[in-house]
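Listed here are the chains, written in short residue letters.
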Amino acid sequence: MTGENPVIVKATVGATTNYNSTDLLMSINVIEKAQVPLSVSQEGMTYGEGTLKPPSYTKPSQSGTETLTYTGTLRDGTTYGPTTEAPTESGTYNVKVDYETSDKIYSGNADFEISPKNISDAKVTLLGHLTYNGQEQTQSVQSIILNGTNITELCDIEGNTVLNAGDYSLTATITDDTGNYTGSVTKRFTVDRAKSEVGKVTADDLKDTLDPADVVFHREDETLPGTFSLVEGELLYGTHTYHWIFTPDDITNYEPATGTVVITVTNTEPKPEPGPKPEPKPEPKPEVKPSEPEKHYEVKNGVQTGDSSNLSLWAALLAASPVGYFLNKKRKNK
């Protein structure tokens, strides 16, 4: 209310016998406060990530009173406000700021959004483990937790029903995209191969062959098609233990099986007659060196004079020497 308005003011003067109370008529002029625009900004947020920050604006130098008023619309269409309580659900909103001083009212507003939380970082926990059984199976989900909140009931699970063994991925998607969550999260899971059941395995004994391809295997359980082979890849004569491997035809859904089997291989072919013994090689004869000619010695008067076979040679040489001349002359003088 503005303008001049009559106001009756009754004043009572102290309780004495000399004065009476009287009514005073006063006129008060009410002046409307000036409206001043205020620049306001408001930072938005993502649902579940903390609390909404206060709006930002430059406060006037005068002291005053702040009033925040929120209005808006949630993602599901519900109207929010007006209220002084800040929103927490995802949606689009507006905040109005009134800052009132003694003579002015500063006002401004700003739009902002609380975005839905994407569930791509949610933790998915699976229930149980699957092994191939020839029929379609569904991988169950125990829980989907995001920031401590179980959102399993808000999600639709796809890709979790499979037939064959192998590696797969299921997808959990928010079913109602008008709430506080959006998006999807994936989780890998595995269907293990089944074991190959073959029962007890035996093999026929062999004769006159060492070829592993000739081994005939027998098994108690012949339900699963597949082939046997020896790990060693070769046979030996006699009785030996060998390792076998069973490879199922459906290797995608069944694991190979392994085990051992005893096989006897008999050699019935006649052994070749032994041939003539080779003649011994002659021992090498020792090298014979030419012997020196036999020497003959002549003994005269108990004295060995030399090889008598060469006596004539020695006589000729002696005769030709001065000693021989002297001896020969001496014999003549006798």
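Everything below is about the structure shown above.
A.B. asks: Whenever I open this one, the overall build of the protein chain confuses me. Can you help?
C.D. replies: Across its full length, the protein chain holds 2 helices and 27 strands. A burial count over the protein chain gives 25% of its 334 residues as buried. Of the contacts made within the protein chain by residues no fewer than 6 positions apart, 47% connect residues no fewer than 24 positions apart.

A.B. asks: Explain the pattern of salt bridges to me, please; I cannot follow it from the model alone.
C.D. replies: Side chains that differ in charge, positive against negative, can pair when their charged atoms come close. All chains considered together, the criterion is met by 5 salt bridges. For Glu100, the salt bridge goes to Lys33, with nearest N and O atoms at 2.9 Å. On the criterion of sequence distance, the pair formed by Glu100 in strand 7 (residues 91–100) and Lys33 in the loop between strand 2 (22–30) and strand 3 (34–37) is long-range, its members being 67 residues apart. Judged by its relative accessible area of 37%, Glu100 is partly exposed. Lys33 sits in the partly exposed class, given a relative accessible area of 27%. Note that Glu49 is salt-bridged to Lys117, the shortest N-O span being 2.7 Å. One end of the pair, Glu49, is in the loop between strand 4 (45–46) and strand 5 (65–74); the other, Lys117, is in strand 9 (residues 117–118), and 68 residues separate them in sequence.

Analysis parameters
Residues numbered from 1 in each chain as written. Predicted model: local features only at pLDDT ≥ 70, side-chain atom pairs only at ≥ 80, totals over all residues. Heavy atoms only, no water. Helix = DSSP H or I, 4+ residues; strand = E, 2+ residues; numbered from the N terminus. Buried < 20%, exposed > 50% of the residue type's maximum accessible area, 1.4 Å probe, protein only. Contact = heavy atoms within 4.5 Å. Salt bridge = Lys/Arg side-chain N within 4 Å of Asp/Glu carboxyl O.

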